[in-house]
Amino acid sequence: MDRRTFFKSSLAGGAALAVGAASCPAQARGTNTLPPEALGLLFDSTLCVGCKACVAACKEVNGMPVENFTKDAYWDTPLDLSGKTLNVIKVYRDGDMAAKDREENGFAFIKKSCMHCVDPSCVSACPVSAMRKDAKTGIVTYDKDACIGCRYCVAACPFGVPRFTYDSATPQISKCQLCVHRHKDGKYAACAEVCPTGATLYGTVADIRKEIARRRALKPGEQTSFPRGKLGGKDQSYPGVAAKYIDHVYGETEFGGTQMMMLSGVSFQKLGYSNLPPNSDAASSETLQHTLYGGLIAPIVVLGALTFIAKRNVKPDNEEGGNHG
Amino acid sequence: MADYAHAPRPLGGSLVTPVTLLLGVLAAIAGVILLYRFIYGLGAVTNLSDGYPWGIWIAYDVVVGSALACGGYSMALLVYIFNKGEYHPLVRPALLASLFGYTLAGASVIFDLGRWWNVWHIFWPGYAQVNSVMFEVAVCISIYILVMWIEFSPAFLEKFGMRNAQRKLGKVLFFFIALGVLLPSMHQSSLGSLLVIFGQQIHPLWRSGWLLPVLYLTTAILLGFAVVVFEATLSSIGFRRPLETKVLAPLSKIMYGLLVVYLVIRVLDLVFRGALGAAFTASWEAFWFWVEMACFVAPLALMSSARARNSAAKLFIAALLLMLGGFMLRINGFLVGYMTGEGWHYFPSLPELMVTIGLIAFEILAYIVIVKKFPVLPAVQPATR
Ligand code: SF4
Ligand code: SF4
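Residues numbered from 1 in each chain as written. Chains lettered and ligands numbered in written order. Predicted model: local features only at pLDDT ≥ 70, side-chain atom pairs only at ≥ 80, totals over all residues. Heavy atoms only, no water.

## Points about the overall build of chain A
- Counting its regular elements, chain A contains nine helices and twelve strands.
- Burial status across chain A gives 53% buried among its 325 residues.
- A fraction of 59% describes how many contacts in chain A between residues 6 or more apart in sequence connect residues 24 or more apart.
- Accessible surface computed for chain A: about 14300 Å², of which carbon and sulfur atoms make up 56%. (Helix = DSSP H or I, 4+ residues; strand = E, 2+ residues; numbered from the N terminus. Buried < 20%, exposed > 50% of the residue type's maximum accessible area, 1.4 Å probe, protein only. Contact = heavy atoms within 4.5 Å. Areas by Shrake-Rupley, 256 points an atom, 1.4 Å probe, with all protein chains shown as cover.)

Below, the structure is given as structure tokens:
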């Protein structure tokens, strides 16, 4: 073949790719927004006393096994989320730990469980719809009967929430589902139900936002009252003193927002929650995919061009005794 | 186009040699470990954790493995799309290696899937989740494996004397060849896109966003060519055939150009994202970044002059380095640069390594068997049989 033919076919090839790239309308997908009747949790670190009643209750209602990390295995002592633990309370400590909710020489408690992201990475990553976000409540659920156990969700979640039971021949993902299985009995998330101080509250995200605004408007030290259990449910409130919060509501903007939101007296980074951008990775990933493959337009156009070129360049078989070129 | 006369011929010869025996043993060991894994779970044989949910069975067996199996794709692109007929003798051996590389990469996914019995869900409407990058990768790779078996079937049809079927297939083969160029372009780029959703969990040196697919695709094509050079040289030595430097030298010129393009994109991306500074810190990530870069830059020097390109040894080393570079880019992205918080560590366990090694052994073994029994490698005159 001479140079000119090569040049021409190169051009054709390049043109095919360019046409393919240009023909697909950029289908940018913005970060998703909150569903209409979104449900969630409010965790107020300043109210948490570290009793871990929520950890025990979570295990019980979800039928999760205990985990022992102490020498004499007396009780359930999970150190982190795991295949056996969906919710855990961790402690931040610094120096002599003289005061609660203080960064220096202080300590604070923090809850770790699924954030029920407004635009969750796990749902976008899962190839088989085992992770789903309810269109109404926004609760992110997991269906083990759909799951193939690829662990893309484990790798993708920015909060390290989904865990996997590697030690089983029939493993599955473990992750908080906001006790959806109890909703039909009129019950709600067990962690919020048992929390003695109302540090963990259950409710609609709208109510949670209102409660957050109320607490942030209080002057530190001011007398007030704190609800317990479920916002908008049975009144179980008790009198208390307003805490001093840092100027950051975790979950308000992070990653397009989360349905579990948190208040604290100590910076969230110290508590193990990293700073995240306001746009979700799911949006970036899906925008990229839709731009390249939206409606399969680009692949089909490129395939057409490639077929055209290949038809010209591939010579019929019998010419060269079985050589397909 | 004198090369067209070099119609492929089976090599013949005994299948039982010390090399094939060793390969067989390695493959068998992997088989035993896998049996254990299916009975006792992934945790029983791997060092996987929730901090490193993916290990070498994904990062190497699938991501690197399929990229190293791009020889068939790269050669098809060159010969059938860019119409460079002079490389034709390299197509069939490259396609064979790709066929095995991909088939094994695809099959090895099963070993890594915790709930493997559900794997069909990926292809099932109602389960399939089309926004997932992994969905695209899985579907695309599966179709490509099928397409490659079709593309390669003339060699089998010829062997079994099914001339008629061979002729019929020959008439539509161009369509499968076109598909065989489209599909790898899609999933090889998507293997890079897999990292996009990890966001900040990827070290800045590999957090290239929408350029990830571009970087992964260019290196996949490069790797494809490198593997062709590598395999052509090795099979020349292994099967005592003349070196194919005459075809390989001009090929390396194309590789050179592509490599320059890749490096320009890679470096500009780092500069514009302001990530280059991270390369000059005292960290493991920076160290492995430089290893990766060295593997890409050194071949540039090795292939710079026409004389160097005509040296089989230099070309071979350049190809080897490129393969290593592509390997590092992927291992760096999926493992070294994957940061999911304090306290997590991963290094593959011995059984994990043995499975990967066994897979590679199996692949080489299958390649040897096929080229000895089927018409794949171009005949040398007079034919050595
Ligand atoms: S915190 Fe993780 S597991 Fe929970 S919804 Fe968000 S991405 Fe999914
Ligand atoms: S492990 Fe299961 S739930 Fe998670 S991404 Fe894979 S298939 Fe989906």
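Let's pick the thread back up.
## Some thoughts on the overall build of chain B
- The secondary structure content of chain B amounts to twelve helices and zero strands.
- Going from N to C terminus, chain B has its helices and strands arranged as α-α-α-α-α-α-α-α-α-α-α-α.
- Dimensions of chain B, computed from the C-alpha atoms along their principal axes, are close to 65 × 50 × 45 Å.
- The burial tally for chain B puts 59% of its 385 residues in the buried class.
- Between the mean site of the 24 positive side-chain charges and the mean site of the 16 negative ones, chain B shows a separation of 14 Å. (Lys, Arg positive; Asp, Glu negative; His and termini not counted. Charge placed at Lys NZ, Arg CZ, Asp CG, Glu CD.)

## Observations concerning the site of ligand 1
- Among the 13 residues in the neighbourhood of ligand 1, the closest are listed as Cys-114, Met-115, Cys-117, Cys-122 and Cys-157 of chain A.
- Within the shell around ligand 1, the residues separate by chemical class into ten nonpolar, two polar and one charged. (Near = heavy atom within 4 Å. Nonpolar A, V, L, I, M, F, W, Y, C, P; charged D, E, K, R; others polar.)

## Focus on the interface of chain A and chain B
- Taken together, the contact between chain A and chain B spans 74 residues of the former and 76 residues of the latter.
- For the pair chain A and chain B, the summed buried area comes to about 6200 Å², and 59% of that belongs to carbon and sulfur atoms.
- Taken together, the links from chain A to chain B amount to one salt bridge.
- The salt bridge involving Asp-112 of chain B is made with Arg-151 of chain A; its shortest N-O contact spans 2.7 Å.
- One can count 32 residue pairs in polar contact (both at pLDDT 80 or more) joining chain A with chain B.
- Of all the secondary-structure elements, those providing two or more residues to the side of chain A that touches chain B are α1 (3-23), α3 (121-125), α4 (152-156), β7 (163-164), α8 (281-293) and α9 (297-313) of chain A.
- Each residue belonging to the side of chain A that touches chain B can be placed in one class, and the counts come to 35 nonpolar, 26 polar and 13 charged. (Buried area = accessible area lost by both parts, 1.4 Å probe. Salt bridge = Lys/Arg side-chain N within 4 Å of Asp/Glu carboxyl O. Polar contact = N/O pair within 3.5 Å; in protein donor to acceptor, adjacent residues only side chain to side chain.)

## A word on the packing of helix α6 (residues 163-193) of chain B against helix α7 (residues 212-238) of chain B
Residues and elements named next belong to chain B.
- For the pair α6 and α7, the least separation of the axes is 7 Å and the interaxial angle reads 125°. For the element pair α6 / α7, the angle class is oblique. For the element pair α6 and α7, the recorded crossing hand is right-handed. Residues Pro-184, Ser-185, Gln-188, Ser-189, Leu-191, Gly-192 and Ser-193 of α6 form the contact with α7, whose own contacting residues are Leu-212, Pro-213, Tyr-216, Leu-217 and Ala-220.
- Here the residues of the contact of α6 with α7 are counted per class, giving seven nonpolar, five polar and no charged. (Axes fitted to C-alpha atoms, helices over the stretch in contact; angles between N-to-C directions. Parallel < 35°, antiparallel > 145°, perpendicular 65-115°, else oblique. Left-handed = near helix turned anticlockwise from the far one by under 90°.)

## Focus: a nonpolar patch on the surface
- Nonpolar side chains collect at one region of the surface, where Leu-35, Tyr-36, Ile-39 and Tyr-40 of chain B lie side by side and expose about 440 Å² of accessible area between them.
- Residue placement: Ile-39 of chain B occurs in helix α1 (residues 18-40). (Patch = residues over 30% accessible without salt bridge, like charges linked within 9 Å, V, L, I, M, F, W, Y side chains within 5 Å.)

## Some words on the pairing of strand β12 (residues 260-263) of chain A
All names here are of chain A.
- Across the two faces of β12 the burial is the same, with Met-260 and Met-262 and Met-261 and Leu-263 all buried.
- Pairing of strand β1 (residues 39-44) with β12 involves four bridges; the strand directions are parallel. Pairing of Asp-44 across the sheet is with Leu-263, part of β12. (Pairing = 2+ DSSP bridges.)

## A look at the sheet that holds β1 of chain A
All names here are of chain A.
- Taken together, three strands build an open sheet; the order of strands is β9-β1-β12 and the sheet is mixed. Single-partner strands in this sheet number two, and they are β9 (200-204) and β12. Strand after strand, the sheet turns through a mean of 25° between neighbouring axes, direction not considered.
- Lying over the sheet, helix α7 (residues 205-217) contacts β1, β9 and β12, oriented at roughly 25° with respect to β1.

## Examining the confidence of the model for chain A
Residue and element names in this part refer to chain A.
- Averaged over every residue, the pLDDT of chain A is 87; residues scoring 70 or more account for 88%.
- Contacts for the low-pLDDT stretch residues 19-25, under 50 throughout, to residues beyond four places or in other chains number ten contacts.
- The model gives residues 317-325 a pLDDT under 50, and that stretch makes 35 contacts with residues more than four places away or in other chains. (pLDDT = per-residue confidence, 0-100.)

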